[in-house]
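Each chain, written out:
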Amino acid sequence: MSDTSPSDGPGTPGFDDMTRDIAEVPAVEVIVTVAVNLMSAAAVKLGLTEEGDKYKDLDEARKLVTALAGLLDAGATEISSFHAAPLRDGLKSLQLAFREASLVPDEPGQGPGEKYTGPVFG
């Protein structure tokens, strides 16, 4: 049996290949990679990239920042402070950027992810 499905093109890894690849990746690396992807997406939605306001969408940013905060809250003890500390710093920066970008700032403790982190102040 082939490990590529009919929809996979030549040279495209199939499900079995992807499963083997992910099996070799430590959980810490998966968690950190997901966190970095959430941070990057949130930064884009906050208008913090070179394109600025082109992709700015605070509703989407709120969702991404909250998901990041939840992931870090749940995973911090699993990934060690070596990995968690810079991710928490990045999260706080995104939370502050959100507060700054909002026309009507949330009350302290009500901003994105603050139910996991507590109120964020500059």
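Conventions used here
- Residues numbered from 1 in each chain as written.
- Predicted model: local features only at pLDDT ≥ 70, side-chain atom pairs only at ≥ 80, totals over all residues.
- Heavy atoms only, no water.
- Patch = residues over 30% accessible without salt bridge, like charges linked within 9 Å, V, L, I, M, F, W, Y side chains within 5 Å.
- Areas by Shrake-Rupley, 256 points an atom, 1.4 Å probe, with all protein chains shown as cover.
- Salt bridge = Lys/Arg side-chain N within 4 Å of Asp/Glu carboxyl O.
- Helix = DSSP H or I, 4+ residues; strand = E, 2+ residues; numbered from the N terminus.
- 1 Å grid on protein atoms, 1.4 Å probe; cavity = no way out; pocket = protein on both sides within 12 Å on 5 of 7 lines; lining within 4 Å.
- Points joined across faces, edges and corners; volume = space filled by probe spheres on them.
- Axes fitted to C-alpha atoms, helices over the stretch in contact; angles between N-to-C directions.
- Parallel < 35°, antiparallel > 145°, perpendicular 65-115°, else oblique.
- Left-handed = near helix turned anticlockwise from the far one by under 90°.
- Nonpolar A, V, L, I, M, F, W, Y, C, P; charged D, E, K, R; others polar.
- pLDDT = per-residue confidence, 0-100.
- Contact = heavy atoms within 4.5 Å.
- Core = buried A, V, L, I, M, F, W, Y, C linked by side-chain atoms within 4.5 Å.
- Buried < 20%, exposed > 50% of the residue type's maximum accessible area, 1.4 Å probe, protein only.

Here's the deal with a nonpolar patch on the surface
Alright, step 1. There is a patch of nonpolar side chains on the surface, built from I22, V30 and V34 and spanning about 220 Å² of accessible area.
Alright, step 2. Mapping I22 onto the fold places it in helix 1 (residues 15–23).

With respect to the layout of surface pockets
Alright, step 1. Taken as a whole, the largest pocket encloses approximately 170 Å³ of empty space.
Alright, step 2. What lines the largest pocket is A69, L72, D73, R88, L91, K92, Q95, Y116, T117, P119 and V120.
Alright, step 3. Elements supplying a minimum of two residues to the lining of the largest pocket: helix 3 (58–101) and helix 4 (114–117).
Alright, step 4. Of all the elements, helix 3 adds the most residues to the lining of the largest pocket, at seven residues.

A look at the packing of helix 2 (residues 27–45) against helix 3
Alright, step 1. Where helix 2 meets helix 3, the axes come as close as 8 Å, and the angle between the chain directions of the two elements is 150 degrees. Looking at the two axes, helix 2 sits roughly antiparallel to helix 3. Where helix 2 crosses over helix 3, the handedness of that crossing is left-handed.
Alright, step 2. The residue inventory of the contact of helix 2 with helix 3, partitioned by class, reads 24 nonpolar, two polar and three charged.

Some details on the confidence of the model for the protein chain
Alright, step 1. Per-residue pLDDT for the protein chain averages 90, and the proportion of residues at 70 or more is 90%.
Alright, step 2. In the model, residues 1–6 has pLDDT below 50 throughout and makes seven contacts with residues more than four positions away in sequence or in other chains.

Observations concerning the nonpolar core
Alright, step 1. In this structure, L46, L68, L72, I79, L87, L91 and L94 are the most contacted members of the largest nonpolar core, which totals 22 residues.
Alright, step 2. At the level of secondary structure, the elements contributing two or more residues to this core comprise helix 2 and helix 3.
Alright, step 3. No other element matches the 14 residues that helix 3 contributes to this core.
Alright, step 4. In this structure, L72 is in contact with A35, L87, R88 and L91, ignoring residues within four places of it in sequence.

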